[in-house]
Amino acid sequence: MYISTCEVLSFLVSGANVQLVGKRSGSPDPKRYLWVLGLVAPMSAFLPSQLVYWTRLEMLWWIGPIIVLVVIPLLDWGVGEDGSNPKDEDYEQLSNDRYYRWCTYMFLPVQLIGLCIAAVMWAGDDLSVIDKLGLASTLGFVSGIGINAAHELGHRVEKAERWLSKLALAQSAYGHFFVEHNRGHHARVATPEDPASARMGETLWEFLPRSVIGGFQSAISLEGARLRRKGLRWWSIHNHVLQAWVMTVVLFGALVAGFGWKIMPYLLLQAVIGAALLETVNYVEHYGLLRGRRANGNWARCSPSDSWNSDRLVTNIFLFHLQRHSDHHANPGRRYQTLRSNQESPQLPAGYATMILLALCPPLWRRVMDRRVLAHYDGDISRANIQPRKRDRILAQHGDGMAAAA
C-alpha cells in the first residue's frame, strides 16, 4: 500500500503529469493545488479523537509527531525531489496571485480551532494524563509549523499580513521571533554573531539554549533601539514584541478562563514543543556555514551558498518552500510560491523532517553533516563557522584537507 501511495504521489508531481493535475489554465505553477495540503498540519489537531475512537489505538493521540517524524520522512523518500522552478517571467503573476496568500491565511483559523478543541479535551476527565500529553505534543508540532506560517507572513510588507504573523505566533508564545528573525537573523545569518546559525561541532543540545536565549535578547535589543530612534518608550503600543506577547496572554487567558487552570500545563508544554521544533529547524538550516569577508573586513552579502537546501517535494509542500532556504535568504521579499531551488547551494541528504531526526543524535548528525561541510569548502575547514571551544580540535582533525585545498 505504501509503494502504491508513493507511486500515485510521484505521478501527480512529476514532469508532464503534474501539468494535468496541479496546474489550472493560465497558471505557471505545476504545484498550484498541492499547496492546500499545507493545511494538513494544523488539521492534525482535529484527528486524534476520531482516530482513537475508530481504531482504539491510543498511540494516535501522538499523531502530530508521528506525521512529522515518521510519515513525512517516508513520503520524502518515496516521492523524491521536486525538480521544478518558477520562471523569471512568471514572477509577477505568481506573486500577485492571492490564492497563495489564502493558503497561508487559512492556516490560522484551523490552528486556533484545533487548539480550542484540545483545550476541551485537556479540561475533561475522559483522557489519561499520558493521552493528554500525547495531544499536547500533537498541538506542539502544529504550533511549531504555525511558526513557519508566521515566518512567511512576517516577511511581507502588507500590515494585515504582519499582524497575522504575530497572531500565528501566539500559540507558541514565541512572538519575539517576529522581530529577531526579520531584523536579527537575516542581517547576521551564517556568522558567529547570529544565535540562530549553528556552528560546526555544536550539538543540537548546545545550540538550543544559545539560540533561545540569544534570540530573545536580540529581539529585546533590536526593538528597543527601533523605539528609541522613533522617540518612543519600551512600554508603547507600537512595540512589536509586546504586541505579539499580548496576543499570547489574551489567547491563553481566554482558554484558561473558559476551561480552567488545569489546562495550563498542557498549553505551556505545546508552546515549548513548538519553539523547540522551530529552533531545531534553525539548527539544520545553516549548520557550519560561514559567509565570506569583503576587503574592508565586513561580512559579504548573504549568498545561496550560506544556507542548506533540500528540494524534497513533500516537506516543501508542508512547509511552504522553507527548504528552498538559500533563495529565501538571498531574496527575503520573495513569496513562497516564487522561491527557486539553486544547485549552487549546499544540499542536504534528505528533507528537514528527516534531518530533525538526525539532529537529535549528535554522533549520527556529525557523521552525516561534517563531511558535507568539509566538501562544501573544498576541504578548507577553516572557512567554516566552527564551535569556538572545539575549533583547535576540528582544525587539527581536518588539517590534511586544508593543506590539499591550499
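Residues numbered from 1 in each chain as written. Predicted model: local features only at pLDDT ≥ 70, side-chain atom pairs only at ≥ 80, totals over all residues. Heavy atoms only, no water.

1. Remarks on the pattern of salt bridges
Where charged atoms from two side chains of opposite charge approach closely, those side chains can pair.
Right, so step 1: Scanning the model with the defined rule gives 18 salt bridges in all.
Right, so step 2: Across the pair Asp97 and Arg32 runs a salt bridge, and its minimum N-O distance is 2.6 Å. In this pair, Asp97 is assigned in the loop between α6 (91-96) and α7 (98-105) and Arg32 in the loop between α2 (15-21) and α3 (40-43), connecting sequence segments 65 residues apart. Both residues of the pair, Asp97 and Arg32, belong to the buried class. (Salt bridge = Lys/Arg side-chain N within 4 Å of Asp/Glu carboxyl O. Helix = DSSP H or I, 4+ residues; strand = E, 2+ residues; numbered from the N terminus. Buried < 20%, exposed > 50% of the residue type's maximum accessible area, 1.4 Å probe, protein only.)

2. Describing helix α5 (residues 63-79)
Right, so step 1: Bending of α5 peaks at approximately 30° at the position of Val71, with proline Pro73 no more than four residues after it.
Right, so step 2: For α5, every residue scored as buried is listed here: Ile63, Gly64, Pro65, Ile67, Val68, Leu69, Ile72, Pro73, Leu75, Asp76 and Val79. (Bend = angle between axes of the 7 residues up to and from the residue.)

3. Considerations on the packing of helix α8 (residues 107-123) against helix α9 (residues 129-154)
Right, so step 1: The interhelical angle for the contact between α8 and α9, taken along N-to-C directions, is 160°, at an axis separation of 10 Å. On the basis of the axis angle, α8 is roughly antiparallel to α9. Crossing angle aside, the handedness with which α8 passes α9 is left-handed. Counting all contacts with α8, which are made through Phe107, Leu108, Gln111, Gly114, Leu115, Ala118, Met121 and Trp122, the residues of α9 involved are Lys132, Leu135, Ala136, Leu139, Val142, Ser143, Ile145, Gly146, Ala149 and Leu153.
Right, so step 2: Its residues assigned to classes, the contact of α8 with α9 comprises 13 nonpolar, four polar and one charged. (Axes fitted to C-alpha atoms, helices over the stretch in contact; angles between N-to-C directions. Parallel < 35°, antiparallel > 145°, perpendicular 65-115°, else oblique. Left-handed = near helix turned anticlockwise from the far one by under 90°. Contact = heavy atoms within 4.5 Å. Nonpolar A, V, L, I, M, F, W, Y, C, P; charged D, E, K, R; others polar.)

4. Section: the packing of helix α12 (residues 204-229) against helix α13 (residues 240-259)
Pairs of packed helices are described in terms of their axes, by the angle between the two and the distance that separates them.
Right, so step 1: The geometry of α12 relative to α13 is characterised by a closest axis approach of 9 Å and an angle of 125° between their N-to-C directions. In terms of orientation, α12 lies oblique with respect to α13. Contacts between α12 and α13 involve Phe216, Ala219, Ile220, Glu223 and Arg226 on the former and, on the latter, His240, Val241 and Trp245.
Right, so step 2: Within the contact of α12 with α13, the residues separate by chemical class into five nonpolar, one polar and two charged.

5. Let's talk about the environment of Ile381
Right, so step 1: The residue Ile381 is located in the loop between α18 (362-376) and α19 (391-397) in this model.
Right, so step 2: Among the residues examined, Ile381 registers a relative accessible area of 0% and is labelled buried.

6. Quick notes on the environment of Ala353
Right, so step 1: Within the fold, Ala353 resides in helix α17 (residues 352-359).
Right, so step 2: Looking at Ala353, the relative accessible area reads 6%, which means it is buried.
Right, so step 3: As a C-alpha pair, Ala353 and Val68 span 285 residues in sequence and 6.2 Å in three-dimensional space.
Right, so step 4: Setting aside anything within four residues of it in sequence, one finds Ala353 in contact with Val68, Leu69, Ile72, Pro73 and Thr315.

7. Things to note about the nonpolar core
Right, so step 1: Counting residues in hydrophobic clusters, the biggest one holds 99 residues, and the most contacted among them are Trp122, Leu267, Tyr287 and Trp365.
Right, so step 2: Filtering out sequence-adjacent residues up to four positions away, Trp365 remains in contact with Tyr283, Val284, Tyr287, Met355, Leu358, Ala359 and Asp370. (Core = buried A, V, L, I, M, F, W, Y, C linked by side-chain atoms within 4.5 Å.)

8. Points about α8
One turn of the α-helix equals 3.6 residues, which is why residues spaced by three or four share an orientation.
Right, so step 1: The end-to-end C-alpha separation of α8 is 24 Å, in line with the 24 Å expected for 17 residues at 1.5 Å each.
Right, so step 2: Of all the positions in α8, only Phe107, Leu108, Val110, Gln111, Gly114, Leu115, Ala118, Ala119, Met121 and Trp122 are classed as buried. (Expected span 1.5 Å × (residues − 1).)

9. Observations concerning the packing of aromatic side chains
Each aromatic ring pair is specified by the distance between its two centres and by the angle formed by the two planes.
Right, so step 1: Scanning the model with the defined rule gives 13 aromatic pairs in all.
Right, so step 2: Taking 5.8 Å as the distance between ring centres and 15° as the angle between the ring planes, the aromatic pair formed by Phe216 and Trp245 counts as stacked. Of this pair, Phe216 sits in helix α12 while Trp245 sits in helix α13, placing them 29 residues apart in sequence.
Right, so step 3: Overall, Trp245 belongs to the partly exposed group, its relative accessible area being 25%.
Right, so step 4: Judged by centre distance (5.4 Å) and plane angle (85°), the ring pair of Tyr287 and Trp365 falls under edge-to-face. (Phe/Tyr/Trp six-rings, centres within 6.5 Å; stacked < 30°, edge-to-face > 60°.)

10. A closer look at the layout of surface pockets
Take a probe with the size of a water molecule and roll it over the atoms, and the empty space left behind shows itself.
Right, so step 1: Taken as a whole, the largest pocket encloses approximately 220 Å³ of empty space.
Right, so step 2: Among the elements of the structure, α10 (159-169), α11 (177-188) and α13 are those that each provide at least two residues to the lining of the largest pocket.
Right, so step 3: Tallied by class, residues from the lining of the largest pocket come to four nonpolar, four polar and four charged.
Right, so step 4: Its volume calculated, the second largest pocket comes out at about 180 Å³. (1 Å grid on protein atoms, 1.4 Å probe; cavity = no way out; pocket = protein on both sides within 12 Å on 5 of 7 lines; lining within 4 Å. Points joined across faces, edges and corners; volume = space filled by probe spheres on them.)

Take it as geometry only, folks, not as evidence of what the structure does.
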